[in-house]
Amino acid sequence: MAAPAIDGWFTVDNDIVHLIGTRCADCRTVYFPPLTGFCRNPHCSGEDLAPDRLSRRGTVWSYTNACYPPPAPFVAAEPYTPVTLAAVELAEEGIVVLGQVKDLTVDDLHVGMELELTAGPLADGPLVWMWGRP
Ligand SMILES: [Zn+2]
C-alpha cells in the first residue's frame, strides 16, 4: 500500500479508513487535524488532548470541482484531470472535513447526501483520505 501523504491524520486498517482527530478530555471538543498542547475552546482550560478515530460517515455540506491544478507543492497529473472536492459534516462530531471525492463528479453529489471515508492515491503516489459512495 502507498505511504500516507500526511502521517498521523488518518489510518488504514484492513482497508478501513479512519481520520484521526484529537478530543479534549475535559470538554470533549473534537479537533481535526489533530492538535497538541491545549484545548482551543475559550471556555476550557484542558490540556489533555487524546487521539481519537472520527466518524467514517457524514453528509455533504458543500462540494465543487477543481478544474485547475492546485499550486506546488501539489503534484498534478499530466494531463491534469479535474477532481471533485467535498466538505463533509461528520455524523457524530459535527465538524466539516474537506476531501477529494473518489469516483463521483459534482453531477452525482448534492448537499445532505451521505458519503463514507475511503482512501486513494494522489497523482504522485502518496495515499490520502477521500470521500466516496457508502
Ligand atoms: Zn476542552
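To be clear, the structure that these remarks concern was listed above.
Keep in mind the model is a prediction, meaning the values are calculated, not measured.

Moving on to the nonpolar core. Counting 18 residues, the largest nonpolar core has L19, A86, V88, W129 and W131 as its most contacted members. Residue assignment for this core shows that the elements contributing at least two residues are β2 (16-24), β6 (83-90), β7 (96-101), β8 (114-121) and β9 (127-132). Ignoring any residue separated from it by four or fewer positions in sequence, one finds V88 in contact with G58, T59, V60, W61, V96, V97, G99, L115 and W131.

Now for the environment of R133. Mapped onto the fold, R133 is located in the segment after β9. Through-space distance from the C-alpha of R133 to that of A119 is 12 Å; in sequence the pair is 14 residues apart.

This next bit is on the sheet that holds β7. Pairing is mixed around the closed barrel formed by 5 strands, whose spatial order is β5-β6-β7-β9-β8. Recorded for the sheet is a direction-independent mean angle of 45° between the axes of neighbouring strands. Direction of pairing for β6 relative to β7: antiparallel, over a ladder of 6 bridges. Note on β7: the bridge partner recorded for T84 is V101.

The rules behind each value
Residues numbered from 1 in each chain as written. Predicted model: local features only at pLDDT ≥ 70, side-chain atom pairs only at ≥ 80, totals over all residues. Core = buried A, V, L, I, M, F, W, Y, C linked by C-beta atoms within 7 Å. Buried ≥ 20, exposed ≤ 12 C-beta atoms within 10 Å, placed from the backbone. Helix = DSSP H or I, 4+ residues; strand = E, 2+ residues; numbered from the N terminus. Contact = placed C-beta atoms within 7 Å. Pairing = 2+ DSSP bridges. Axes fitted to C-alpha atoms, helices over the stretch in contact; angles between N-to-C directions.

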